[in-house]
Amino acid sequence: MTRSTNFSKIARLATAVVALSGSLGFAGPNEDYQEHCASCHGEDRLGGSGPALIPETLRKIRGPNLAEVILNGRVATQMPGFSEYLDQGGADAIVELLQTPIEVLPPWGEEEINASRDMNPDYIPVDAPVWDADPMNITVVVETGDHHVSVLDGDTFEVLDRFPTPFAVHGGPKYDPTGRYLFIMSRDGWVQKYDIYALQTVGQVRAGLNSRNIAMSSDGKWLAVASYLPNMLTILSTEDLTVAKVQMVKGKDGTPSRVAAVYQVPPRESFVLALKDVPEIWEIFYGKNPPQFGFAHDWRTEGLAHTDIPFPVRKITLPDYLDDFFFDQTYEYIMGASRDGAEGTGGQVIDLVIGHKIADLDLPGMPHLSSGTTWERNGTTVMATPHMRGGVVSVIDMSTWETIKLIEAKGPGFFVRSHENSKYIWADVFFGPNRDLMHVIDKQSLEIVKTLQPAVGKTVAHVEFTKDGRYALVSVWEDDGAVIIYDAETLEEVRRLPMRKPSGKYNVWNKITFSEGTSH
Ligand code: DHE
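Residues numbered from 1 in each chain as written. Predicted model: local features only at pLDDT ≥ 70, side-chain atom pairs only at ≥ 80, totals over all residues. Heavy atoms only, no water.

## So, the sheet that holds strand β20 (residues 356–361)
Consideration 1: Strand order in the open sheet made by the 4 strands is β17-β18-β19-β20, with antiparallel pairing throughout. Because the sheet does not close on itself, it has two edges, and the strands there are β17 (324–327) and β20. The sheet shows a mean angle of 25° between the axes of neighbouring strands, direction not considered.
Consideration 2: Two strands pair when backbone bridges link them, and strand β19 (residues 347–351) and β20 are joined in this way by 5 bridges, in the antiparallel orientation. Directly across from Q348, in β20, lies its bridge partner D360. (Pairing = 2+ DSSP bridges. Helix = DSSP H or I, 4+ residues; strand = E, 2+ residues; numbered from the N terminus. Axes fitted to C-alpha atoms, helices over the stretch in contact; angles between N-to-C directions.)

Spelled out as C-alpha coordinates, the structure:
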(Lines give C-alpha, C1' and ligand atoms only; values in the text may rest on other atoms or scores of the structure.)
Protein backbone atom coordinates (compact mmCIF):
# COMPACT_ATOMS: atom_id res chain seq x y z
CA MET A 1 0.00 0.00 0.00
CA THR A 2 1.25 3.43 -0.84
CA ARG A 3 0.09 4.76 2.52
CA SER A 4 2.38 2.56 4.58
CA THR A 5 5.23 3.14 2.13
CA ASN A 6 4.76 6.88 2.45
CA PHE A 7 4.38 6.50 6.17
CA SER A 8 7.71 4.80 6.67
CA LYS A 9 9.47 7.30 4.41
CA ILE A 10 7.97 10.22 6.28
CA ALA A 11 8.71 8.65 9.67
CA ARG A 12 12.35 8.15 8.69
CA LEU A 13 12.51 11.67 7.29
CA ALA A 14 10.99 13.10 10.45
CA THR A 15 13.50 11.25 12.59
CA ALA A 16 16.34 12.41 10.36
CA VAL A 17 15.21 16.04 10.45
CA VAL A 18 15.03 15.92 14.22
CA ALA A 19 18.44 14.26 14.42
CA LEU A 20 19.99 16.91 12.17
CA SER A 21 18.60 19.73 14.23
CA GLY A 22 20.21 18.28 17.32
CA SER A 23 18.68 17.74 20.73
CA LEU A 24 15.74 20.09 21.12
CA GLY A 25 14.91 19.49 24.74
CA PHE A 26 11.62 21.02 25.87
CA ALA A 27 10.69 23.93 23.62
CA GLY A 28 6.99 24.07 24.49
CA PRO A 29 4.34 21.58 23.42
CA ASN A 30 3.24 23.37 20.26
CA GLU A 31 6.79 23.78 18.98
CA ASP A 32 7.70 20.25 19.99
CA TYR A 33 4.61 18.89 18.29
CA GLN A 34 5.40 20.71 15.04
CA GLU A 35 9.03 19.61 15.24
CA HIS A 36 8.55 15.95 16.04
CA CYS A 37 5.00 14.89 15.24
CA ALA A 38 3.49 17.11 12.53
CA SER A 39 5.18 15.54 9.52
CA CYS A 40 3.32 12.27 10.08
CA HIS A 41 0.30 13.28 12.14
CA GLY A 42 -0.47 16.57 10.38
CA GLU A 43 0.22 20.17 11.42
CA ASP A 44 -3.42 20.34 12.53
CA ARG A 45 -3.24 16.98 14.44
CA LEU A 46 -5.86 15.53 12.10
CA GLY A 47 -3.60 12.86 10.76
CA GLY A 48 -1.53 12.34 7.66
CA SER A 49 0.33 9.16 7.11
CA GLY A 50 -0.04 8.62 10.87
CA PRO A 51 -3.32 8.68 12.80
CA ALA A 52 -5.11 11.81 14.02
CA LEU A 53 -3.96 12.90 17.47
CA ILE A 54 -7.18 14.32 18.89
CA PRO A 55 -9.05 13.40 22.09
CA GLU A 56 -11.85 11.77 20.11
CA THR A 57 -9.54 9.11 18.68
CA LEU A 58 -7.00 8.92 21.51
CA ARG A 59 -9.46 8.37 24.31
CA LYS A 60 -8.56 4.70 24.57
CA ILE A 61 -4.90 5.46 25.33
CA ARG A 62 -4.41 6.92 28.78
CA GLY A 63 -2.00 9.83 29.42
CA PRO A 64 1.00 7.91 30.85
CA ASN A 65 0.75 5.36 28.03
CA LEU A 66 0.72 8.11 25.44
CA ALA A 67 3.85 9.72 26.90
CA GLU A 68 5.48 6.29 26.87
CA VAL A 69 4.64 5.89 23.16
CA ILE A 70 6.06 9.36 22.40
CA LEU A 71 9.29 8.59 24.20
CA ASN A 72 9.81 4.96 23.19
CA GLY A 73 7.75 4.45 20.06
CA ARG A 74 5.19 1.79 19.36
CA VAL A 75 6.35 -1.72 18.64
CA ALA A 76 5.48 -3.16 15.22
CA THR A 77 4.34 0.21 13.86
CA GLN A 78 6.07 3.07 12.07
CA MET A 79 6.03 5.21 15.23
CA PRO A 80 9.62 5.90 16.32
CA GLY A 81 10.60 6.88 19.89
CA PHE A 82 11.67 10.46 20.62
CA SER A 83 13.43 10.01 23.97
CA GLU A 84 16.61 11.33 22.38
CA TYR A 85 14.94 14.69 21.83
CA LEU A 86 12.31 14.95 24.57
CA ASP A 87 12.38 14.41 28.31
CA GLN A 88 9.41 13.17 30.37
CA GLY A 89 8.17 16.74 30.96
CA GLY A 90 8.27 17.47 27.23
CA ALA A 91 6.36 14.27 26.42
CA ASP A 92 3.78 14.98 29.15
CA ALA A 93 3.23 18.48 27.75
CA ILE A 94 2.64 17.07 24.26
CA VAL A 95 0.15 14.59 25.72
CA GLU A 96 -1.74 17.50 27.28
CA LEU A 97 -1.83 19.20 23.90
CA LEU A 98 -3.08 16.04 22.19
CA GLN A 99 -5.85 15.76 24.73
CA THR A 100 -7.11 19.27 23.94
CA PRO A 101 -9.99 19.33 21.44
CA ILE A 102 -9.40 21.12 18.13
CA GLU A 103 -11.46 24.28 17.95
CA VAL A 104 -11.75 24.85 14.23
CA LEU A 105 -12.01 21.88 11.94
CA PRO A 106 -10.66 22.11 8.42
CA PRO A 107 -13.18 21.50 5.65
CA TRP A 108 -13.73 17.79 5.01
CA GLY A 109 -16.25 17.37 2.22
CA GLU A 110 -16.60 15.58 -1.09
CA GLU A 111 -13.51 17.16 -2.62
CA GLU A 112 -11.19 16.39 0.28
CA ILE A 113 -12.55 12.87 0.67
CA ASN A 114 -12.12 12.05 -2.99
CA ALA A 115 -8.61 13.53 -2.90
CA SER A 116 -7.70 11.20 -0.02
CA ARG A 117 -8.46 8.07 -2.10
CA ASP A 118 -5.43 5.85 -2.15
CA MET A 119 -5.99 2.89 -4.47
CA ASN A 120 -3.49 0.05 -4.39
CA PRO A 121 -1.58 0.13 -7.70
CA ASP A 122 -0.47 -3.46 -7.15
CA TYR A 123 -3.99 -4.84 -6.72
CA ILE A 124 -4.77 -7.53 -9.28
CA PRO A 125 -8.36 -8.82 -9.30
CA VAL A 126 -8.80 -12.58 -9.58
CA ASP A 127 -11.58 -14.71 -11.07
CA ALA A 128 -11.79 -17.12 -8.14
CA PRO A 129 -10.38 -17.36 -4.61
CA VAL A 130 -6.63 -17.94 -4.49
CA TRP A 131 -7.25 -20.34 -1.60
CA ASP A 132 -9.10 -23.58 -1.10
CA ALA A 133 -11.46 -22.92 1.81
CA ASP A 134 -15.26 -22.58 1.94
CA PRO A 135 -15.81 -18.91 0.97
CA MET A 136 -18.94 -18.82 3.14
CA ASN A 137 -17.07 -19.96 6.24
CA ILE A 138 -14.29 -17.38 6.20
CA THR A 139 -13.97 -15.45 9.47
CA VAL A 140 -11.96 -12.28 9.83
CA VAL A 141 -10.40 -11.28 13.15
CA VAL A 142 -9.62 -7.64 13.89
CA GLU A 143 -6.36 -7.48 15.82
CA THR A 144 -6.20 -4.05 17.45
CA GLY A 145 -2.85 -4.77 19.14
CA ASP A 146 -0.89 -4.04 16.00
CA HIS A 147 -3.69 -2.91 13.67
CA HIS A 148 -4.04 -5.97 11.48
CA VAL A 149 -6.81 -8.25 10.31
CA SER A 150 -6.36 -12.02 10.10
CA VAL A 151 -8.36 -13.99 7.56
CA LEU A 152 -9.25 -17.45 8.92
CA ASP A 153 -10.42 -20.56 7.13
CA GLY A 154 -13.46 -21.36 9.29
CA ASP A 155 -13.02 -25.12 8.89
CA THR A 156 -9.30 -25.60 9.49
CA PHE A 157 -8.69 -22.31 11.38
CA GLU A 158 -5.63 -21.77 9.20
CA VAL A 159 -4.70 -18.09 8.83
CA LEU A 160 -4.95 -17.42 5.08
CA ASP A 161 -3.68 -13.85 5.30
CA ARG A 162 -2.81 -11.19 7.85
CA PHE A 163 -2.86 -7.64 6.51
CA PRO A 164 -2.35 -4.14 7.98
CA THR A 165 -5.36 -1.90 8.60
CA PRO A 166 -5.62 1.80 9.41
CA PHE A 167 -4.99 2.75 13.06
CA ALA A 168 -7.71 1.89 15.60
CA VAL A 169 -10.40 -0.01 13.74
CA HIS A 170 -13.78 0.27 15.44
CA GLY A 171 -17.14 -1.44 14.94
CA GLY A 172 -17.81 -4.40 12.74
CA PRO A 173 -16.16 -4.53 9.32
CA LYS A 174 -18.84 -5.13 6.70
CA TYR A 175 -18.98 -7.61 3.82
CA ASP A 176 -20.61 -6.93 0.48
CA PRO A 177 -23.60 -9.25 -0.11
CA THR A 178 -21.46 -11.83 -1.95
CA GLY A 179 -19.00 -12.05 0.94
CA ARG A 180 -16.07 -11.33 -1.35
CA TYR A 181 -15.17 -7.77 -0.36
CA LEU A 182 -14.55 -6.59 3.16
CA PHE A 183 -14.80 -2.96 4.29
CA ILE A 184 -13.05 -1.84 7.45
CA MET A 185 -13.24 1.53 9.20
CA SER A 186 -10.91 3.22 11.67
CA ARG A 187 -11.82 5.84 14.24
CA ASP A 188 -9.80 8.23 12.05
CA GLY A 189 -12.38 7.86 9.31
CA TRP A 190 -10.27 5.73 6.97
CA VAL A 191 -12.24 3.10 5.09
CA GLN A 192 -10.27 0.21 3.64
CA LYS A 193 -11.56 -2.15 0.93
CA TYR A 194 -10.08 -5.65 0.91
CA ASP A 195 -10.63 -8.42 -1.64
CA ILE A 196 -10.87 -11.72 0.25
CA TYR A 197 -10.65 -13.81 -2.95
CA ALA A 198 -7.39 -12.13 -3.97
CA LEU A 199 -6.14 -11.57 -0.39
CA GLN A 200 -5.26 -8.01 -1.34
CA THR A 201 -6.20 -4.52 -0.24
CA VAL A 202 -7.99 -2.70 -3.05
CA GLY A 203 -7.64 0.80 -1.65
CA GLN A 204 -8.68 3.20 1.06
CA VAL A 205 -10.28 6.59 1.49
CA ARG A 206 -10.72 8.94 4.43
CA ALA A 207 -14.48 9.36 4.63
CA GLY A 208 -14.50 11.39 7.86
CA LEU A 209 -12.09 12.85 10.39
CA ASN A 210 -13.48 10.99 13.38
CA SER A 211 -15.86 8.23 12.47
CA ARG A 212 -18.06 5.72 14.26
CA ASN A 213 -19.04 2.81 12.05
CA ILE A 214 -20.06 1.74 8.56
CA ALA A 215 -23.08 0.07 6.96
CA MET A 216 -23.40 -1.75 3.64
CA SER A 217 -26.44 -1.29 1.40
CA SER A 218 -28.35 -4.49 0.67
CA ASP A 219 -27.58 -4.19 -3.05
CA GLY A 220 -23.87 -3.93 -2.24
CA LYS A 221 -23.47 -0.64 -4.11
CA TRP A 222 -23.10 1.82 -1.25
CA LEU A 223 -21.19 2.05 1.97
CA ALA A 224 -22.41 4.57 4.54
CA VAL A 225 -19.90 6.03 7.01
CA ALA A 226 -21.13 7.68 10.23
CA SER A 227 -18.93 10.45 11.62
CA TYR A 228 -18.68 12.64 14.69
CA LEU A 229 -16.26 14.99 12.95
CA PRO A 230 -17.55 16.55 10.77
CA ASN A 231 -21.20 15.99 11.73
CA MET A 232 -22.03 13.95 8.68
CA LEU A 233 -22.83 10.72 6.88
CA THR A 234 -20.69 9.91 3.88
CA ILE A 235 -22.03 7.55 1.25
CA LEU A 236 -19.28 5.91 -0.81
CA SER A 237 -19.48 3.86 -3.96
CA THR A 238 -18.28 0.40 -2.95
CA GLU A 239 -16.87 -0.06 -6.42
CA ASP A 240 -14.16 2.59 -6.33
CA LEU A 241 -14.60 4.33 -2.95
CA THR A 242 -15.58 7.65 -4.55
CA VAL A 243 -18.13 9.85 -2.79
CA ALA A 244 -21.76 9.43 -3.84
CA LYS A 245 -23.10 11.85 -1.24
CA VAL A 246 -22.03 13.81 1.80
CA GLN A 247 -25.05 14.41 4.03
CA MET A 248 -24.43 17.04 6.69
CA VAL A 249 -26.54 16.46 9.79
CA LYS A 250 -28.51 19.18 11.56
CA GLY A 251 -31.63 18.51 13.58
CA LYS A 252 -34.95 20.03 12.57
CA ASP A 253 -34.23 23.05 14.78
CA GLY A 254 -30.83 23.55 13.15
CA THR A 255 -28.73 21.96 15.92
CA PRO A 256 -25.74 20.18 14.36
CA SER A 257 -25.44 16.57 15.41
CA ARG A 258 -22.78 13.93 15.51
CA VAL A 259 -23.82 10.69 13.85
CA ALA A 260 -23.44 8.01 16.53
CA ALA A 261 -23.98 5.06 14.20
CA VAL A 262 -25.47 3.98 10.89
CA TYR A 263 -27.26 0.70 10.17
CA GLN A 264 -28.69 -0.83 7.03
CA VAL A 265 -32.40 -1.72 6.82
CA PRO A 266 -32.56 -4.17 3.89
CA PRO A 267 -36.36 -4.49 3.48
CA ARG A 268 -36.68 -0.71 3.17
CA GLU A 269 -33.49 -0.23 1.17
CA SER A 270 -32.40 2.42 3.59
CA PHE A 271 -29.77 3.40 6.11
CA VAL A 272 -30.91 4.48 9.57
CA LEU A 273 -28.81 6.99 11.51
CA ALA A 274 -28.53 7.20 15.29
CA LEU A 275 -27.91 10.83 16.21
CA LYS A 276 -25.98 11.90 19.28
CA ASP A 277 -27.05 15.51 19.76
CA VAL A 278 -30.68 15.75 18.62
CA PRO A 279 -33.71 13.60 19.56
CA GLU A 280 -34.24 12.38 16.03
CA ILE A 281 -33.39 9.41 13.89
CA TRP A 282 -32.84 9.77 10.17
CA GLU A 283 -33.56 7.30 7.43
CA ILE A 284 -31.73 7.70 4.12
CA PHE A 285 -33.01 5.70 1.17
CA TYR A 286 -30.83 4.26 -1.56
CA GLY A 287 -33.49 2.12 -3.32
CA LYS A 288 -35.36 3.17 -6.45
CA ASN A 289 -38.79 3.22 -4.79
CA PRO A 290 -38.50 4.46 -1.23
CA PRO A 291 -41.61 4.00 0.91
CA GLN A 292 -43.67 7.18 0.91
CA PHE A 293 -43.56 8.00 4.59
CA GLY A 294 -42.72 11.43 5.91
CA PHE A 295 -39.72 12.46 3.84
CA ALA A 296 -37.93 15.64 4.68
CA HIS A 297 -39.67 18.35 2.73
CA ASP A 298 -36.52 19.71 1.11
CA TRP A 299 -36.71 17.37 -1.87
CA ARG A 300 -40.45 17.74 -2.35
CA THR A 301 -40.33 21.52 -2.51
CA GLU A 302 -37.81 21.25 -5.28
CA GLY A 303 -40.57 19.62 -7.30
CA LEU A 304 -38.62 16.52 -8.15
CA ALA A 305 -39.72 12.91 -8.29
CA HIS A 306 -38.39 10.31 -5.86
CA THR A 307 -36.12 8.82 -8.42
CA ASP A 308 -34.48 12.16 -9.25
CA ILE A 309 -33.25 12.64 -5.71
CA PRO A 310 -30.23 10.65 -4.75
CA PHE A 311 -30.56 9.37 -1.19
CA PRO A 312 -33.69 11.20 0.07
CA VAL A 313 -33.81 11.78 3.82
CA ARG A 314 -36.64 11.07 6.25
CA LYS A 315 -36.37 12.67 9.70
CA ILE A 316 -38.23 11.17 12.64
CA THR A 317 -38.63 13.20 15.83
CA LEU A 318 -38.36 11.22 19.05
CA PRO A 319 -39.36 11.88 22.66
CA ASP A 320 -35.77 11.25 23.76
CA TYR A 321 -32.22 10.81 22.42
CA LEU A 322 -31.33 7.43 20.93
CA ASP A 323 -27.78 6.70 19.97
CA ASP A 324 -27.63 2.95 20.48
CA PHE A 325 -29.90 0.69 18.44
CA PHE A 326 -31.03 -2.84 17.99
CA PHE A 327 -33.32 -3.90 15.13
CA ASP A 328 -35.71 -6.82 15.29
CA GLN A 329 -35.21 -9.44 12.56
CA THR A 330 -38.01 -7.91 10.42
CA TYR A 331 -36.37 -4.49 10.64
CA GLU A 332 -39.69 -2.88 11.49
CA TYR A 333 -38.84 -2.16 15.11
CA ILE A 334 -35.91 -0.30 16.56
CA MET A 335 -35.04 -0.81 20.20
CA GLY A 336 -33.01 2.21 21.26
CA ALA A 337 -31.34 3.81 24.24
CA SER A 338 -29.08 6.72 24.94
CA ARG A 339 -25.48 5.91 25.88
CA ASP A 340 -25.23 9.08 27.94
CA GLY A 341 -28.39 8.21 29.83
CA ALA A 342 -28.06 7.73 33.53
CA GLU A 343 -28.59 4.30 35.00
CA GLY A 344 -32.10 3.06 34.74
CA THR A 345 -33.31 5.63 32.19
CA GLY A 346 -34.49 2.75 30.01
CA GLY A 347 -35.10 2.89 26.32
CA GLN A 348 -37.72 3.20 23.62
CA VAL A 349 -39.15 1.04 20.86
CA ILE A 350 -39.74 2.88 17.59
CA ASP A 351 -41.91 1.51 14.80
CA LEU A 352 -39.87 2.53 11.78
CA VAL A 353 -42.80 2.19 9.37
CA ILE A 354 -45.03 4.70 11.13
CA GLY A 355 -42.15 6.68 12.62
CA HIS A 356 -43.42 6.65 16.21
CA LYS A 357 -42.48 5.38 19.62
CA ILE A 358 -44.72 2.43 20.47
CA ALA A 359 -43.30 1.24 23.80
CA ASP A 360 -40.85 1.96 26.60
CA LEU A 361 -38.11 -0.44 27.60
CA ASP A 362 -37.28 -1.10 31.20
CA LEU A 363 -33.50 -1.38 31.05
CA PRO A 364 -31.10 -0.77 33.91
CA GLY A 365 -27.47 0.36 33.67
CA MET A 366 -26.50 1.60 30.20
CA PRO A 367 -27.54 -1.20 27.87
CA HIS A 368 -25.30 -1.97 24.90
CA LEU A 369 -28.15 -2.75 22.55
CA SER A 370 -26.14 -2.93 19.34
CA SER A 371 -24.47 -6.03 20.81
CA GLY A 372 -27.68 -7.91 21.51
CA THR A 373 -28.91 -11.24 20.18
CA THR A 374 -32.37 -12.75 19.51
CA TRP A 375 -33.86 -16.26 19.56
CA GLU A 376 -37.14 -18.13 19.87
CA ARG A 377 -38.36 -19.08 23.35
CA ASN A 378 -41.83 -20.37 24.32
CA GLY A 379 -43.25 -19.40 20.94
CA THR A 380 -42.06 -15.81 21.05
CA THR A 381 -38.90 -13.96 20.06
CA VAL A 382 -36.73 -12.74 22.90
CA MET A 383 -33.69 -10.51 22.90
CA ALA A 384 -30.75 -10.37 25.31
CA THR A 385 -28.64 -7.29 25.82
CA PRO A 386 -25.55 -6.70 27.98
CA HIS A 387 -25.13 -3.62 30.15
CA MET A 388 -21.99 -1.50 30.42
CA ARG A 389 -22.96 -0.54 33.96
CA GLY A 390 -24.31 -3.03 36.47
CA GLY A 391 -23.72 -6.75 36.22
CA VAL A 392 -26.82 -8.05 34.44
CA VAL A 393 -27.92 -9.36 31.08
CA SER A 394 -31.49 -8.25 30.31
CA VAL A 395 -33.83 -10.54 28.41
CA ILE A 396 -36.77 -8.82 26.69
CA ASP A 397 -39.89 -10.35 25.18
CA MET A 398 -40.14 -8.74 21.75
CA SER A 399 -43.92 -9.15 21.50
CA THR A 400 -44.71 -7.26 24.72
CA TRP A 401 -41.39 -5.37 25.01
CA GLU A 402 -41.27 -6.35 28.68
CA THR A 403 -38.11 -7.37 30.46
CA ILE A 404 -38.71 -10.99 31.41
CA LYS A 405 -35.46 -11.64 33.23
CA LEU A 406 -32.37 -9.91 34.58
CA ILE A 407 -29.64 -12.53 34.57
CA GLU A 408 -27.09 -11.77 37.29
CA ALA A 409 -23.61 -11.64 35.75
CA LYS A 410 -20.21 -11.32 37.41
CA GLY A 411 -19.92 -7.74 36.20
CA PRO A 412 -20.87 -5.35 33.36
CA GLY A 413 -20.47 -6.73 29.84
CA PHE A 414 -20.02 -5.51 26.27
CA PHE A 415 -21.08 -8.31 23.93
CA VAL A 416 -23.75 -11.02 23.93
CA ARG A 417 -23.67 -13.48 21.04
CA SER A 418 -25.29 -16.68 19.79
CA HIS A 419 -26.13 -18.71 16.68
CA GLU A 420 -29.33 -20.33 15.38
CA ASN A 421 -27.81 -23.80 15.87
CA SER A 422 -26.60 -23.20 19.41
CA LYS A 423 -28.65 -23.67 22.57
CA TYR A 424 -26.56 -21.12 24.42
CA ILE A 425 -25.86 -17.42 24.42
CA TRP A 426 -22.40 -16.25 25.44
CA ALA A 427 -22.03 -13.09 27.52
CA ASP A 428 -18.71 -11.52 28.43
CA VAL A 429 -17.86 -9.65 31.63
CA PHE A 430 -15.83 -6.93 29.97
CA PHE A 431 -15.46 -4.55 32.88
CA GLY A 432 -14.22 -4.96 36.43
CA PRO A 433 -12.24 -7.58 38.32
CA ASN A 434 -14.03 -10.51 36.66
CA ARG A 435 -13.20 -9.50 33.12
CA ASP A 436 -11.56 -12.88 32.57
CA LEU A 437 -14.93 -14.64 32.79
CA MET A 438 -17.37 -15.62 30.05
CA HIS A 439 -20.90 -16.74 30.92
CA VAL A 440 -22.66 -19.37 28.88
CA ILE A 441 -26.45 -19.06 29.30
CA ASP A 442 -29.12 -21.57 28.33
CA LYS A 443 -31.52 -19.94 25.84
CA GLN A 444 -34.59 -21.67 27.28
CA SER A 445 -34.02 -21.75 31.05
CA LEU A 446 -32.21 -18.37 31.00
CA GLU A 447 -29.81 -19.76 33.59
CA ILE A 448 -26.03 -19.57 33.45
CA VAL A 449 -24.93 -23.14 32.74
CA LYS A 450 -21.20 -22.54 32.81
CA THR A 451 -18.77 -19.72 33.44
CA LEU A 452 -15.53 -20.10 31.53
CA GLN A 453 -12.22 -18.62 32.62
CA PRO A 454 -10.02 -19.16 29.56
CA ALA A 455 -7.03 -17.01 30.67
CA VAL A 456 -6.78 -16.01 34.31
CA GLY A 457 -6.50 -12.25 34.80
CA LYS A 458 -6.90 -11.46 31.07
CA THR A 459 -9.85 -9.74 29.44
CA VAL A 460 -12.01 -12.22 27.58
CA ALA A 461 -14.66 -10.87 25.25
CA HIS A 462 -16.73 -11.05 22.07
CA VAL A 463 -17.85 -14.32 20.52
CA GLU A 464 -18.43 -15.29 16.91
CA PHE A 465 -19.53 -18.68 15.60
CA THR A 466 -18.54 -20.68 12.58
CA LYS A 467 -21.09 -20.86 9.78
CA ASP A 468 -22.77 -24.00 11.19
CA GLY A 469 -22.62 -22.82 14.80
CA ARG A 470 -20.44 -25.78 15.78
CA TYR A 471 -17.55 -23.72 17.14
CA ALA A 472 -17.49 -20.51 19.15
CA LEU A 473 -14.50 -18.19 18.76
CA VAL A 474 -13.62 -16.14 21.86
CA SER A 475 -11.08 -13.29 22.10
CA VAL A 476 -8.43 -13.04 24.79
CA TRP A 477 -8.37 -9.27 24.43
CA GLU A 478 -4.71 -8.66 25.29
CA ASP A 479 -1.64 -7.70 23.30
CA ASP A 480 -0.27 -11.22 23.74
CA GLY A 481 -3.78 -12.53 23.32
CA ALA A 482 -5.45 -15.30 21.39
CA VAL A 483 -8.59 -16.44 19.69
CA ILE A 484 -9.81 -19.53 21.53
CA ILE A 485 -11.94 -21.98 19.63
CA TYR A 486 -14.54 -23.80 21.73
CA ASP A 487 -16.78 -26.66 20.79
CA ALA A 488 -20.09 -24.78 21.10
CA GLU A 489 -21.91 -27.90 22.33
CA THR A 490 -19.47 -29.42 24.85
CA LEU A 491 -17.96 -26.02 25.78
CA GLU A 492 -14.50 -27.62 25.66
CA GLU A 493 -11.53 -25.72 24.25
CA VAL A 494 -10.45 -27.09 20.88
CA ARG A 495 -7.66 -24.78 19.85
CA ARG A 496 -5.90 -21.52 20.71
CA LEU A 497 -4.60 -19.19 17.97
CA PRO A 498 -2.14 -16.52 19.18
CA MET A 499 -3.31 -13.03 18.15
CA ARG A 500 -2.44 -9.41 18.99
CA LYS A 501 -5.31 -8.01 21.05
CA PRO A 502 -8.06 -9.57 18.94
CA SER A 503 -11.33 -7.65 19.25
CA GLY A 504 -14.27 -8.55 16.98
CA LYS A 505 -14.56 -11.61 14.75
CA TYR A 506 -16.86 -11.74 11.76
CA ASN A 507 -18.00 -14.83 9.87
CA VAL A 508 -19.01 -14.29 6.22
CA TRP A 509 -22.08 -16.54 6.32
CA ASN A 510 -23.40 -15.30 9.67
CA LYS A 511 -23.07 -11.72 8.50
CA ILE A 512 -24.39 -11.88 4.95
CA THR A 513 -27.36 -14.09 5.92
CA PHE A 514 -28.21 -11.82 8.87
CA SER A 515 -27.92 -14.57 11.48
CA GLU A 516 -30.17 -13.83 14.45
CA GLY A 517 -27.29 -14.51 16.80
CA THR A 518 -25.02 -11.69 15.74
CA SER A 519 -24.81 -8.02 14.76
CA HIS A 520 -25.48 -7.01 11.16
FE1 DHE B 1 -17.91 -0.16 20.07
C2 DHE B 1 -19.49 -2.05 17.69
C3 DHE B 1 -20.26 2.24 19.72
C4 DHE B 1 -16.57 1.53 22.71
C5 DHE B 1 -15.38 -2.42 20.22
N6 DHE B 1 -19.57 0.04 18.95
C7 DHE B 1 -20.04 -0.84 18.01
C8 DHE B 1 -21.21 -0.30 17.40
C9 DHE B 1 -21.42 0.92 17.95
C10 DHE B 1 -20.40 1.13 18.94
C11 DHE B 1 -22.53 1.90 17.63
C12 DHE B 1 -22.05 -1.02 16.35
C13 DHE B 1 -21.62 -0.56 15.01
C14 DHE B 1 -21.17 -1.59 14.03
O15 DHE B 1 -20.53 -2.58 14.39
O16 DHE B 1 -21.42 -1.34 12.84
N17 DHE B 1 -18.38 1.56 21.10
C18 DHE B 1 -19.41 2.36 20.80
C19 DHE B 1 -19.48 3.42 21.78
O20 DHE B 1 -20.30 4.37 21.78
C21 DHE B 1 -18.47 3.17 22.82
C22 DHE B 1 -19.17 2.74 24.12
C23 DHE B 1 -17.62 4.39 23.16
C24 DHE B 1 -16.82 4.94 21.99
O25 DHE B 1 -16.01 5.81 22.21
O26 DHE B 1 -16.98 4.57 20.85
C27 DHE B 1 -17.73 2.01 22.19
N28 DHE B 1 -16.28 -0.39 21.25
C29 DHE B 1 -15.91 0.39 22.27
C30 DHE B 1 -14.71 -0.07 22.91
O31 DHE B 1 -14.11 0.47 23.89
C32 DHE B 1 -14.33 -1.34 22.27
C33 DHE B 1 -14.53 -2.45 23.27
C34 DHE B 1 -12.87 -1.35 21.81
C35 DHE B 1 -12.60 -0.48 20.60
O36 DHE B 1 -12.24 -1.07 19.59
O37 DHE B 1 -12.75 0.73 20.68
C38 DHE B 1 -15.37 -1.41 21.16
N39 DHE B 1 -17.52 -1.91 19.15
C40 DHE B 1 -16.42 -2.68 19.34
C41 DHE B 1 -16.49 -3.85 18.47
C42 DHE B 1 -17.69 -3.76 17.76
C43 DHE B 1 -18.30 -2.51 18.20
C44 DHE B 1 -15.45 -4.97 18.41
C45 DHE B 1 -18.25 -4.72 16.71
C46 DHE B 1 -18.98 -5.84 17.39
C47 DHE B 1 -19.69 -6.78 16.47
O48 DHE B 1 -19.66 -7.98 16.71
O49 DHE B 1 -20.31 -6.34 15.49
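## Side note on the coordination of the iron atom of the ligand
Consideration 1: You will see that the iron atom of the ligand has only one donor from the protein, H170 (NE2), lying 2.2 Å away.
Consideration 2: Looking at where H170 falls in the secondary structure, it is placed in the loop between β4 (159–164) and β5 (174–175). (Donors = N, O, S within 2.8 Å, 3.2 Å for Na, K, Ca; no water.)

## Observations concerning the packing of aromatic side chains
Consideration 1: Per the stated rule, a full pass over the model turns up 19 aromatic pairs.
Consideration 2: Arranged with centres 5.3 Å apart and planes meeting at 85°, the rings of W222 and F311 form a pair that is edge-to-face. On the criterion of sequence distance, the pair formed by W222 in strand β10 (residues 222–229) and F311 in the loop between α7 (297–301) and β16 (313–317) is long-range, its members being 89 residues apart.
Consideration 3: Seen in terms of ring centroids, F271 and Y286 are 5.0 Å apart; in terms of plane orientation they differ by 50°. Their pairing is tilted. Linking F271 in strand β14 (residues 270–275) with Y286 in the loop between β15 (280–285) and α7, this pair joins segments that are 15 residues apart in sequence.
Consideration 4: Take F271: its relative accessible area is 0%, and that puts it in the buried class. (Phe/Tyr/Trp six-rings, centres within 6.5 Å; stacked < 30°, edge-to-face > 60°. Buried < 20%, exposed > 50% of the residue type's maximum accessible area, 1.4 Å probe, protein only.)

## A short note on the sheet that holds strand β3 (residues 148–153)
Consideration 1: Read from one edge to the other, the open sheet built from 4 strands follows the order β4-β3-β2-β33, with strand pairing classed as antiparallel. This sheet does not close on itself; its edge strands, each paired only once, are β4 and β33 (502–507). Along the sheet, successive strands turn relative to each other by an average axial angle of 20°, direction set aside.
Consideration 2: In the sheet, β3 pairs with β4 via 5 bridges, with the strands oriented antiparallel. Note that in β4 the partner of S150 across the bridge is R162.

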